[in-house]
Structures are given as structure tokens and as C-alpha cells.
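As a plain string of letters, each chain reads:
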Amino acid sequence: MNQFYLQQNAARELQPFPHIVELALKKNNAIRLDSLNTTAINSLRIYYVIDGKFEWLIHERQHILYPGDVAMILPGQKFGGGKGFLDIGTLCWINIKIERIDPAGKLVPGKWSSLSENERSTIGKILMMNNRPLHLQLKEAGLILEKIKAELCCQEIGFNTRVNHLIDELFIIITRGLTRQNNTLRNFPQTFLRLEQQLRQRLDYQWTVDEMAALVGLGTTAFNEKVKNYTGFSPLNYLINIRISEAIKLLKRGEASVTAIALDTGFYSSQHFSTTFKKLTGFTPSEFRKNNLLQK
Amino acid sequence: MECVITIELGTNAVRVFAFSLSGELLASMKGSYPTFHIQPDYSEQDPEQIFITMLYVLKNLLNEKIHPQKIKVRCICFSASMHSVLAIDENGVPLGNAITWSDNRGKKVAAALNALPACKKIYTATGTPIHPMSPLIKIAWMNENDKERFKRSSKFLSIKSYIVQQLTGKYCIDYSLASATGLLNIHTLNWEPDALAFAGIKADKLPELVPVFHSPGRLLKAYQTSLGLPAGVKILIGSSDGCLATLGAGVWGEGKATITIEDSGAVRIVGKKVLQDEKQRFFNYLLTKSYYVSGGPTNNGGVIFDWFTRQFGEFKNPFDIEYSMDTLMSEAAKVDAGSEGLLFLPYLLAERAPIWNPNARGCYFGLNINHGRQHFIRATIEGILYEIYSIGKTLQEHRSIKSLSINGSFASIPFCAQIIADMFNKPLYASKQSNNSIGLGAFLLSAVEMGIYKTIDEAAQTVVVPDRYKPNKQNHKIYNSYFRIFESLSVKLFDEFESISNLQQQPC
């Protein structure tokens, strides 16, 4: 493909797509100092390397990208060349203005996207997972960027819908790629332990089965079956196990209030906590605490 | 109808079984809990999560399978993995997680004790090999390296003691589980003063010693209510997984040995006398005052074949390891016994019995240009089983073994069972319940306590052992000649194991 550079407000092709800030393909033949200093990004960028080797700093981590690699930079993250300049090579990128990624980790792209509520939340969460660099080998992404370019230039019937669908697809394949990256789908005990760590890190969050399944890289049905088989519990019941176990520790420590413990461990309310706790242990949380304090 | 419930607090999961009074399995359920490895040698579990998981599984089993059928629960009997340590404060609140059997943080402490003259005396008195698995070493480690926790500890419990205390309010430990702590004198049945001194504690820091038939008391009222059980249900402290797996396999008498292979494995024999080994290679655990279960444990059982399958097996569906294993097994069967001279030392997780070498590592040996993928598969399986044979062979220096009984998920695979029979050149039996021998053992123990059987011997005889594998003499010959090389390599590589293990432990 030849070089091109489409920019919002300048390129006529982008007029129907106010959310696309830039779409470009660049062959960089010479190094220019300070051509890529590290700055915080305010939109969402997806880079695809066609040729060459790029050394970048993304979110304060060093990444080396080779042909076929994709990097996604989220709004607010810092991005720049490892040495302050753009390396020699060919790369393609799209720069998208998204409405926001909300504090719970939900991706809100904008009205143009046809991702469902659930998918937005799952995709957002996986993209935000801080221990995973958003950098992966994904040749498909290059093809999609090419298709977006073609649709924009040809403007055939339905291109409006097609372009937006292709951007959604880009989000989907990158997310899928990320869940597979650290997961060969061979070692369930290890994968499950990793999921459990993620659940524990955010126990107060209202996890859905869809989200948990996506983190593991499985469909919901297969995930349910695997978890049941391995742990003896459904995913949500397993989560209750962890919640109650953590709550017991906090109750025995005797500092926080029952309500605070309930919310910290992911129950909707102290009422919900009490009912679940009593059903399992026969004690209300306050009785349980009193019993353990009585011994003191 | 009436039933006995057995609760097995295992390495990765709690398993709850319900047996009719005639020993028929009525229902079973499991619930798993995680093991945390916060540092390379650490293995810990959350006692509260184990408790909650146990309660949840028990409740589900009662509500779904027992109460609707109007089955009356007579007795609940416990079994547990050996060697765990949980420190609690003066209010009974756990000080951090429980340290499990596979935790190796006490390596240096164990090595230090091994170098002392007291070592032999302690081993002879306690019957537990000096190894980081043993609570003796774990407590001594805490004394040296985690002083704050050590000082705040009012007691050092096993996981089972904690769980039973949560349910009944009483702290106790059965002689059986206590005999695996490295702290109990298995001859006098008192805590061993030399061992206590090495650990840096007094006997009052340990739970009360009780027989396996002891009932610590009634379920607390709240649990009676939440579980829907009457006050009269008898709680039995029970024994350890190792002793009960042996009882549940029906091996109770001269000339018999049990081979258990799950993730890890063990070869065990039962006798009325302690097995005294000069080289301190075997454990001697008590079931009751008159029975010792002696034998040797291996780290490298089915877990090694799991590893192999994950690396080299074909996966048709995500995480479908069973399919992948079956395929590998049938490929292995296409190669003759002995894998045409490809040998495998399975020490990926270092090794306990019989070489007791924390530096041992895995190795394929004898590879030539004609070996292919199938040879590797078969050699891997054979290597795991040679290791089992090597424990059995060492045991035979002390006792004669006439027949074998197997249990555990890996040993029960017919392909493996046949190889074991061939290697040992002995007839081999697999009980119908070879996947839940521990539960069955706990049932038999309860049944003796309830007077259903007069003695443990009588109870053990009721275990049906229908499947019989006859050894193939030809294969035995082949295995035997390769085993000699296996055995000598395991010892000969001592220095190289140490060097490679040192290099592996260096940060890159």
C-alpha cells in the first residue's frame, strides 16, 4: 500500500466519522530527532507495524514491535519512541476518539459502535487489565486497517456502517488476542488460579460470568462447565466462597463495620451479606464476630 | 436409612462422601480451593476458605442428596492431608495462611538438622523423615525466620484440627495425623521432647492428642441449624489421607502393599512394627496403637504426565486434558515395554523417597536416532512408574511383598496398572472404589467405631478387589534390565543434579 494520511477536519473522507481522528500509513525512511517524544495520549490509538523495528515506551514500559505486531494505546497512557524519535520502517495507525473508559473499566466508544453493553464492559476490563501490555502479534489487524482505508476511499453503498463495524471488529480481535496471549488453553488449574487472583484484587466489583469467561478466553457455556468440573461450584458460587472467606477474616480482625465488610467483599448490601452468611454458617455476621470476640 | 459422611480435606479440594452403613457409596461432592505460591518454595492455603468450602459442599450434599431421601446421618468422620501447619493467636484466629505439605521453605533448616547427631534420634523416635514437609521443620523455620508470628502463636494446628475446632469448639489432633508431624514419639505416643526442643516449642503449643476414634464433641448449635443435622450426630476426628487410603484399598496384612498415584504418589505397607531404616528413607505413620503404615512418598506422580500432556499433547478442545491424555496413552501402547531403551528420570519436582534429593531434576537418557514421539510418551509413563518401583524395591529390603493393590487416578489407568504389575512381577488388584479409597477408609474406620465391624482387619477384608492384573514375565525382564540403569543414574547424577539446580536457582 502507498502512504496516506487522513486527518479529521482536513480529509473529506472522514467527515461522516467524527470519531476517527486520524488514519494513516507512513513509510519512515530517515530518523528525525525528537519526532516522537513521549506524551500522554488523549484518544485511543492502534498501531500496526508493516515493516521495520520500532522501539517504543508505552505506559512506562519498553516495547519492541516487529512486523505483524499491534500496539494499542489507551486514553491517558503515555506513549513515545524509546529514544524520542520514530524508527525507520513502515507502519499504519488509526486514532479514535472514544467517549470514555469509565472507572469500573467499561469501554464507552460512542453512539457509532454496535457493541452491546456486556461486550463493552468485558472488552474494557480486559484492555484495562494493568498487568498486560496491549501489544501482540496480530496480522488480522493489518487487514482490517486496510479494509477501513478501502471503504473510506471507495465510499460504496453501506460504507458508513462497514467502517464502524470494522472498528468494532478491531476492538474484538485485539481483546481476543490479548486473552489468548497469556493463555494456551491447556492448563486450566493455572489459568483458573490467575483468574482467582484477578477476582481477589477487585472483590468489591460486581463480576459477571461473561466477564470472567472472557478473562480466561472461553465462551460462557464452556467456562461454566469447566469451572463446575474443576471447583465443584458454579463461577458465581465460587466467587461467594472467596467473598465469605475474606469477610470471615475481616470479621475476626474486628476493626471494620459489618456494612463496610459487606461492601468491601462485594455484597450489594449488609442485608445481602447477612442473609448469605447466615445461610452458610448459621450465624449472622455480628453473631459470628461476637463469638470470636467473646474469647478475647 | 442411615449413613456415614466422610470429609476429606485434600491437597486441592475437599471431598465429601455419604456411605450407607453397608459401605455402599450414596453420594459424593467436591469443592476446590487454591494453593498460593507467594514465593518459589512457598505453598499456602487459606484456612477460612477451606472451612467455608467444606461447609458449602457439605451443606449442598446434605440438601440435595441426603435430606430429601430422609436419610439419617449417624456420623461424620474426617481425613486430611498430612504435614500442614497453621499458627493461631490466643483468640484462635489464624495468623496468616496454613503452610501445606508441599511447602519447601524449610530446606535449610532440614539440612541443618540432618547434619546434627540429634537427627537420627529424632527420626527413630518420630518415624517421620527429616524433610521440609514435616511440621517439625516448618515450626523451627518460623522460630528462626518469622519471629513475630512465632511469638504471637498460642498454638500450632493442622488444618484438620482447625476445621474440627471451628465446628465443635475443641482443639485436638489424632495420633495418626500427629505421627506425620515429626513431633510425636510413635513408640510412647507422647510429644517427643528432642523434637519439641528443636522446633523451639513446648507441648502446650500443640493440640490435645486423641485416638482416631475420638469424638471432640457435638456440632455447634449454629451448624446444627444451618446443616439441618440433629445434635446427636457423632463427629469423629478420623485419620490422615495416607493411612485411610491404605485401609480403603483393603491392604491390611502381611505381604501386601498399596500403591497410590495421584499427582504425587506413595508405596505403603502395614505392619505391627515400626520399620527402622538405617538410611532414614521411610515414614512410619500410626493408624491406631497397633498398626503402623510405613512407606515412601514420591513428588513425581500423575502431575508429571499432566505436564507432559500440556506441553506435547494435542488439544482438540480448550483445556480438554482428558482427551489429550487418552490419545497419548494409546500412542504409548504402540511401543514395546522398555521404550526401546529410552529412559526417563521423572524428578521435575525434585524427589523424596527413596533418593531424598531436593536437587534432583528430570532427564531423558539413552536417546538414539530411531526414537520417535511415541517412545517419549511411553518413556515418560515408564519413568514415573520406575520411580514407584524403586520405592517398592527399597521397601522389600525390609518386608516381603506378595501382592499389590492400587488406587488413585493415575495408578488406576489400566495401561499404568499393567506396567506396575509387570515391573514388580507381582499380581495387582484394583478396588472398585480405587478413586475414593480415602473416603472408603474413613467409612471403614467409622464402621469399626460404630461396632458394625469388630476390628479394623475385619473391616479391611470387606473391600472388594475385583480387577486383577497378572504380571507379564517377558516384560518384567525387560523392565528389570532398564531399571538397573534408572536406579544407578538416579544416584550417579548426584553432583550434576546439584550443579544444575544451583544454576537454575540463579537469577537470569
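Residues numbered from 1 in each chain as written. Chains lettered and ligands numbered in written order. Predicted model: local features only at pLDDT ≥ 70, side-chain atom pairs only at ≥ 80, totals over all residues. Heavy atoms only, no water.

Draft legend 1. Main features of the packing of aromatic side chains. With the rule as written, the count across this model stands at 40 aromatic pairs over all chains. With centroids separated by 5.0 Å and ring planes inclined at 80°, the aromatic side chains of A:Phe188 and B:Phe319 adopt a geometry described as edge-to-face. Within this pair, whereas A:Phe188 is found in helix H4 (residues 188-201), its partner B:Phe319 is found in the loop between helix H11 (302-312) and helix H12 (321-332), the two belonging to separate chains. Of the two residues, A:Phe188 and B:Phe319, neither departs from the other in class, the shared state being buried. Centroid distance B:Phe305 to B:Phe308: 6.2 Å. Interplanar angle 10°. Geometry classified as stacked. Placement of the pair is B:Phe305 and B:Phe308 together in helix H11, with a separation of three residues, close to one helical turn. We classify B:Phe305 as buried; its relative accessible area is 0%. Accessibility expressed as a relative area gives 4% for B:Phe308, which makes it buried. Grouping aromatic residues by their ring pairs yields a cluster made of B:Tyr347, B:Tyr386, B:Tyr389, B:Phe424, B:Tyr479, B:Phe483, B:Phe486 and B:Phe497. Taking NZ or CZ as reference, A:Lys149 lies 4.2 Å from the ring centre of A:Phe4, over its face. The side chain of B:Arg105 reaches across the aromatic face of B:Trp141, ending 5.0 Å from its centre. (Phe/Tyr/Trp six-rings, centres within 6.5 Å; stacked < 30°, edge-to-face > 60°. Helix = DSSP H or I, 4+ residues; strand = E, 2+ residues; numbered from the N terminus. Buried < 20%, exposed > 50% of the residue type's maximum accessible area, 1.4 Å probe, protein only. Lys NZ or Arg CZ within 6 Å of the ring centre and 35° of its normal.)

Draft legend 2. Geometry of the pairing of strand S5 (residues 72-80) of chain B. Residues and elements named next belong to chain B. With seven of nine residues buried, S5 is to be regarded as a mostly interior element. Taken together, the eight bridges between strand S1 (residues 2-9) and S5 define a ladder with parallel strand orientation. Looking across to S5, one finds that Val 4 is bridged to Cys 75. Here S5 runs beside strand S13 (residues 234-240); their pairing, made up of five bridges, is parallel. What sits directly across from Cys 77, in S13, is Leu 236. (Pairing = 2+ DSSP bridges.)

Draft legend 3. Just the nonpolar core, in detail. By size, the foremost hydrophobic cluster in this structure holds 129 residues, and its most contacted members are B:Phe305, B:Ile381 and B:Ile420. At 10 residues, the largest contribution of residues to this core is made by helix H13 (residues 373-395) of chain B. Mapping this core onto the domain boundaries places at least three of its residues in each of domain 1 (2-243) and domain 2 (302-392 + 488-505) of chain B. The residues touching B:Ile381, leaving out its near neighbours within four places in the chain, are B:Phe305, B:Met329, B:Ala332, B:Phe410, B:Phe415, B:Cys416 and B:Ile419. Listed in part, the 122 residues of the second largest apolar core include A:Phe171, A:Ala213, B:Ile71 and B:Leu227. (Core = buried A, V, L, I, M, F, W, Y, C linked by side-chain atoms within 4.5 Å. Domains from an automatic or database assignment. Contact = heavy atoms within 4.5 Å.)

Draft legend 4. Structural view of the pattern of salt bridges. Throughout the structure, instances matching the rule amount to 26 salt bridges over all chains. The partner of A:Glu55 in a salt bridge is A:Lys83, and the shortest N-O contact between them spans 3.8 Å. Of this pair, A:Glu55 sits in strand S5 (residues 54-58) while A:Lys83 sits in the loop between strand S8 (78-81) and strand S9 (89-96), and the two are 28 residues apart along the sequence. With a closest N to O distance of 2.9 Å, B:Asp277 and B:Arg281 form a salt bridge. In terms of burial, B:Asp277 and B:Arg281 fall into one category: buried. Sharing partners across several salt bridges, the network here consists of A:Glu196, A:Arg200, A:Glu246, A:Lys249 and B:Asp46. (Salt bridge = Lys/Arg side-chain N within 4 Å of Asp/Glu carboxyl O.)

Draft legend 5. View of the domain arrangement of chain A. Residue and element names in this part refer to chain A. Domains assigned within chain A are domain 1 (4-181) and domain 2 (187-296). Domain 1 and domain 2 are separated by 36 Å when their C-alpha centres are compared. The contact between domain 1 and domain 2 buries some 870 Å² in all, and 50% of this surface belongs to carbon and sulfur atoms. For the pair domain 1 and domain 2, the interface holds one salt bridge. Two residues, Glu 211 and Lys 125, come together in a salt bridge whose shortest N-O distance is 3.1 Å. (Buried area = accessible area lost by both parts, 1.4 Å probe.)

Draft legend 6. Region of interest: the packing of helix H1 (residues 47-66) of chain B against helix H6 (residues 159-168) of chain B. All names here are of chain B. At a closest axis distance of 10 Å, the pairing of H1 and H6 adopts a crossing angle of 60°. The angle between H1 and H6 falls in the class oblique. The two elements H1 and H6 cross, and the hand of that crossing is right-handed. Between H1 and H6, the contacting residues are Pro 47, Glu 48, Ile 50, Phe 51, Met 54 and Leu 55 on the first element and Ile 159, Tyr 162, Ile 163, Gln 166 and Leu 167 on the second. For the contact of H1 with H6, the residue count by class is nine nonpolar, one polar and one charged. (Axes fitted to C-alpha atoms, helices over the stretch in contact; angles between N-to-C directions. Parallel < 35°, antiparallel > 145°, perpendicular 65-115°, else oblique. Left-handed = near helix turned anticlockwise from the far one by under 90°. Nonpolar A, V, L, I, M, F, W, Y, C, P; charged D, E, K, R; others polar.)

Draft legend 7. Just helix H17 (residues 473-492) of chain B, in detail. Residues and elements named next belong to chain B. Helix length check: H17 (20 residues) gives 29 Å between terminal C-alpha atoms against 28 Å at 1.5 Å per residue, within 8%. Along H17, the sharpest kink reaches roughly 25°, centred on Tyr 482. Here H17 has its buried residues at Asn 475, His 476, Tyr 479, Phe 483, Phe 486, Leu 489 and Ser 490. For H17, the elements touching its buried residues are strand S18 (343-346), strand S19 (362-365), H13, helix H14 (414-424) and helix H18 (494-505). Measuring from the side-chain oxygen of the N-cap residue of H17 to the backbone nitrogen of Gln 474 gives 2.9 Å; that N-cap residue is Asn 472. (Expected span 1.5 Å × (residues − 1). Bend = angle between axes of the 7 residues up to and from the residue. Polar contact = N/O pair within 3.5 Å; in protein donor to acceptor, adjacent residues only side chain to side chain.)

Draft legend 8. View of the confidence of the model for chain B. Looking at chain B, pLDDT values average 95 and 100% of them are 70 or higher. In the predicted assembly, ipTM is 0.91 and pTM is 0.89. (pLDDT = per-residue confidence, 0-100.)

Draft legend 9. Local environment of the interface of chain A and chain B. The interface of chain A with chain B comprises 38 residues on the first partner and 36 residues on the second. Ranking the residues of chain A by area buried against chain B places A:Arg186, A:Lys252 and A:Leu280 at the top, with a combined share of 24%. At the surface where chain A touches chain B, the tally comes to two salt bridges. Between A:Lys252 and B:Glu48 there is a salt bridge; the shortest N-O distance is 2.8 Å. Across the chain A-chain B interface, the total number found is 15 residue pairs in polar contact (both at pLDDT 80 or more). At the level of elements, H4, helix H6 (220-231), helix H7 (235-253) and helix H9 (270-281) of chain A are the ones that each hand at least two residues to the side of chain A that touches chain B. Considering each element in turn, the side of chain A that touches chain B owes the most residues, 11 residues, to H7(A). For the side of chain A that touches chain B, the per-class residue count stands at 16 nonpolar, 12 polar and 10 charged.

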